[in-house]
Amino acid sequence: MLSDFDLIGTIEDDTDVHVESESGSDGEEQPIVLNKERRALKGRGNGVFSFDFEFGESEGLYSEDWAMASVMAQLKKREKAHKEGKKSDAQVTKEEEDGEEDEDDEDGDNEDNGHKEEDGNESDNGDDEEDEFSSGDEEVLKKAGKSNRNPEAFFEDASQYDENLTFQDMNLSRPLLKAITTMGFKQPTPIQKACVPVGLLGKDICACAATGTGKTAAFMLPVLERLLYKPRETQVTRVLVLVPTRELGIQVHSVARHLSQFTNITTCLAVGGLDLKSQEAALRAGPDILIATPGRLIDHLHNTPSFELSQIEVLILDEADRMLDEYFEEQMKEIIRLCSYQRQTMLFSATMSEEVKDLASVSLKQPVRIFVNSNTDVAPYLRQEFVRIRPAREGDREAIVAAALLTRTFQDHVMLFTQTKKQAHRMHILLGLIGLKVGELHGNLSQTQRLESLRRFKDEQIDILVATDVAARGLDIEGVKTVINFTMPNTVKHYVHRVGRTARAGKVGRSVSLVGESERKMLKEIVKKAKTPVKARVLPQEVILKFRDLIEKLEKDIYAVLRLEKEEKEMVRSEAQINSAQKRLTQEADEKQPARTWFQSHDERKKERMSKALQDFDLALRGKKKRAQFLKEGKKKVLSAEERAQFEMLKSQMYAERVAKRDRKQKRARAVPEDDPKKTALKQKGGKPSKKSVFDKELTNVSKKALKQYRAGPSFEDRKRLGLAHKKGGRFKSKAKFRRK
Ligand SMILES: Nc1ncnc2c1ncn2[C@@H]1O[C@H](COP(=O)(O)OP(=O)(O)OP(=O)(O)O)[C@@H](O)[C@H]1O
């Protein structure tokens, strides 16, 4: 009957539904497929991947270690700076505020959105064998149908691609083909087949493809080819990739580095949580490609002199719809405005929204629309399962996840998503107490802790990663087998990204979502869109009850752990306060005796030393005494080799100038001609010139002293010696004479 109205039935509506309850054993249960869905699937085939398409195995060649090295270096620097308390208080506060803001932005966590537990009676606890969902909500279905409408006219559609296209057919340069082979990619994925040729034409793109289908390489390859084809003329950043989360930034950066490993192309990562100073230095060097989160990018635009976006030739907005969430919208617009108008813009996501379309209309020019999958398609090889939570059973979620799912069935390579950071942390403690190997990833952790959790999960040191939506987007963790949703996320889009952490790169995966009464509308949407079998999982009540008792007993321990953590935090906080007070005191003391560096830089000091030396030298040229003094002091001075060389050059230059100046001056009238022929002749013969008489000497002496003496006449002694009368009419009389009169 429903088919008459073109509505997809819910599990309750469909009479063909088979629900299999999980037996007490740990055995693998059979999925329950809606027959109608199965029929629909037959017709659709597997249009997402071509049949001959093969994902290459990583072959151990695509190691993340070296790509991560620079990230870890930035982290270490930042931590070191924090530990040493190098920054001023003001800076620290600002940084921390920024960091927190970033984390909140990137989390998408909303504590207020925490699931409300219902304390209903357990009386309506029916037999869990029956698993029903109420009849379809027409409005929701209509709304969901909206997303499938035709693209708007301003898009040129290029969603059809040549299925036989290989990487070799794409006109990519040798270094890129070599990198592709090294990374173990054998054939392009559908989104790569569709996007690379269009991207190489320099056209704007608005692309949508399911999670884990290789979108990163789809935009990175044409970008790298462009950089190789048109080498840079000046040291400027030409490509900007904007990503919503730090972890995704790190991942995209790593892919860019792997793909460009045989080229000279330089990349830079500027995301929150990593060292600001080293990022600034890297940005000043003008890397070819910059991968950034919006918050940190804006920070650099305001605070890193000489860094700007006017030279950006290609702008990529990865997970564009996520970035348009309220926090980033303004920042995104500002960033787009600052980029060159002549740029190529590529916009990518596994889910598109109305807002993205608005953004596309203002930021893309004659864009090409490439929708390899329709909006909000889940990964092609994902098996979706749902566990119904009855209203009176909301309190059982923890027991269901901890016991029935994680302890018995899905024991490793599991990502467990919670709605809030608090929930994630509590689950982390609880699962740890049960004895499972578990880690956590959310915005209440430092960047180091976040990366460490990811690393441990990737390295299989932990089996379960409890995370908030901060890990829902774009993260490519190899081998994730199961995604569990503790509660359903806020939107279908969020759901698609969460469950997209598994079933990636052509592999199979499974998602298990706990669905409460209030979340059933979303379930209906998901069931409607599903192209693969959807299963309703039913768990034996006695197992749930057993674990509920266990959790109750563990409650005290959970409380103790939380209290210990709180105390530790307080201790750290008071230590930080003491440190900052001490720092302030030292700063105040330093301000009283300001360090030289506040006044002069090293260079300025060097210049000053040099000019002082030259002044001395200049003075020394003017007189015997000063010259002697200069030479004496010069010996004491310790000049560097470079200073000495410069000094010597300047010295000779100055000397030459002085000689030239002297030569330009009119010669003084000399009492005796300088080139006395007799004297010259004698000199040439090697003979000694005759001794000058006293009279000669006096007459030819033109020194200042002699002239003064000459003008003043003979001195008192000379007069006495020569018997000359005392000078009369002298203007000064001795006091004695004066008195005698
Ligand atoms: N042509 C290819 N052959 C084999 N593996 C590939 C190919 N292209 C990409 N991959 C691998 O597929 C995985 C997923 O790629 P990527 O992270 O780019 O997907 P995505 O579409 O961006 O996913 P999401 O929407 O979740 O961000 C990566 O591990 C990547 O190495």
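Each remark here, short or long, concerns the structure printed above.
As the structure is a computational prediction, the values presented were derived from the model and not from experiment. (Residues numbered from 1 in each chain as written. Predicted model: local features only at pLDDT ≥ 70, side-chain atom pairs only at ≥ 80, totals over all residues. Heavy atoms only, no water.)

## Here we look at the overall build of the protein
Then step 1. A count of helical and extended segments in the protein gives 27 helices and 16 strands.
Then step 2. By the burial criterion, 45% of the 741 residues in the protein qualify as buried.
Then step 3. Counting contacts in the protein only where the partners sit at least 6 residues apart, residues at least 24 apart contribute 80% of the total.
Then step 4. Accessible area of the protein: about 41,700 Å², with a carbon and sulfur share of 52%. (Helix = DSSP H or I, 4+ residues; strand = E, 2+ residues; numbered from the N terminus. Buried < 20%, exposed > 50% of the residue type's maximum accessible area, 1.4 Å probe, protein only. Contact = heavy atoms within 4.5 Å. Areas by Shrake-Rupley, 256 points an atom, 1.4 Å probe, with all protein chains shown as cover.)

## A few points about the pairing of strand S15 (residues 509-515)
Then step 1. The buried fraction of S15 amounts to seven of the seven residues, a majority that puts the element mostly inside the structure.
Then step 2. Neither face of S15 is left uncovered, since the one carrying Gly509, Ser511, Ser513 and Val515 and the one carrying Arg510, Val512 and Leu514 both have all their residues buried.
Then step 3. Relative to S15, strand S10 (residues 382-388) is paired through seven bridges, and the arrangement is parallel. Pairing of Phe386 across the sheet is with Ser513, part of S15.
Then step 4. Pairing geometry for strand S14 (residues 482-485) and S15, over four bridges, is parallel. Directly across from Thr482, in S15, lies its bridge partner Arg510.
Then step 5. Taken together, S14, helix H17 (residues 492-499) and S15 form a β-α-β motif whose crossover is right-handed. (Pairing = 2+ DSSP bridges. Right-handed = clockwise from strand over helix to strand, strands pointing away.)

## A closer look at the pattern of salt bridges
Then step 1. Under the defined criterion, the tally for this structure stands at 26 salt bridges.
Then step 2. A salt bridge links Asp412 to Lys481; the nearest nitrogen and oxygen atoms lie 2.8 Å apart. Remark: Lys481 occurs in the loop between strand S13 (464-467) and S14 and Asp412 occurs in the loop between helix H14 (397-409) and strand S11 (414-417); sequence separation between them is 69 residues.
Then step 3. The exposure class of Asp412 is partly exposed, given its relative accessible area of 26%.
Then step 4. The class for Lys481 is partly exposed, based on a relative accessible area of 45%.
Then step 5. A salt bridge links Arg563 to Glu567, with the shortest nitrogen-to-oxygen separation between them at 4.0 Å. With Arg563 and Glu567 both in helix H19 (residues 541-592), this residue pair falls four residues apart, about one helical turn.
Then step 6. Through salt bridges with shared partners, a single ionic network connects Arg226, Lys230, Arg238 and Glu313. (Salt bridge = Lys/Arg side-chain N within 4 Å of Asp/Glu carboxyl O.)

## A short note on the site of the ligand
Then step 1. Taken together, 23 residues surround the ligand, and among them Gln187, Lys215, Thr216, Asp476 and Arg504 come closest.
Then step 2. Measuring from a nitrogen atom of the ligand, one finds a side-chain N or O atom of Gln192 at 2.8 Å.
Then step 3. Between an oxygen atom of the ligand and a main-chain N or O atom of Gly214, the distance comes to 3.2 Å.
Then step 4. When the ligand is considered free in solution it has 640 Å² of accessible area, and contact with the protein chains removes 93% of it.
Then step 5. Across the shell around the ligand, the residue classes break down as seven nonpolar, 11 polar and five charged. (Near = heavy atom within 4 Å. Polar contact = N/O pair within 3.5 Å; in protein donor to acceptor, adjacent residues only side chain to side chain. Nonpolar A, V, L, I, M, F, W, Y, C, P; charged D, E, K, R; others polar.)

## Considering unusual backbone geometry
Then step 1. For His413, which is not glycine, the phi torsion reads 55° and is therefore positive.
Then step 2. In this fold, His413 is placed in the loop between H14 and S11.
Then step 3. His413 sits in the buried class, given a relative accessible area of 18%.
Then step 4. Positioned with a positive phi, Ala505 is a non-glycine residue whose angle comes to about 50°.
Then step 5. Positionally, Ala505 belongs in the loop between H17 and S15.
Then step 6. Exposure remark for Ala505: the relative accessible area of 28% places this residue in the partly exposed category.

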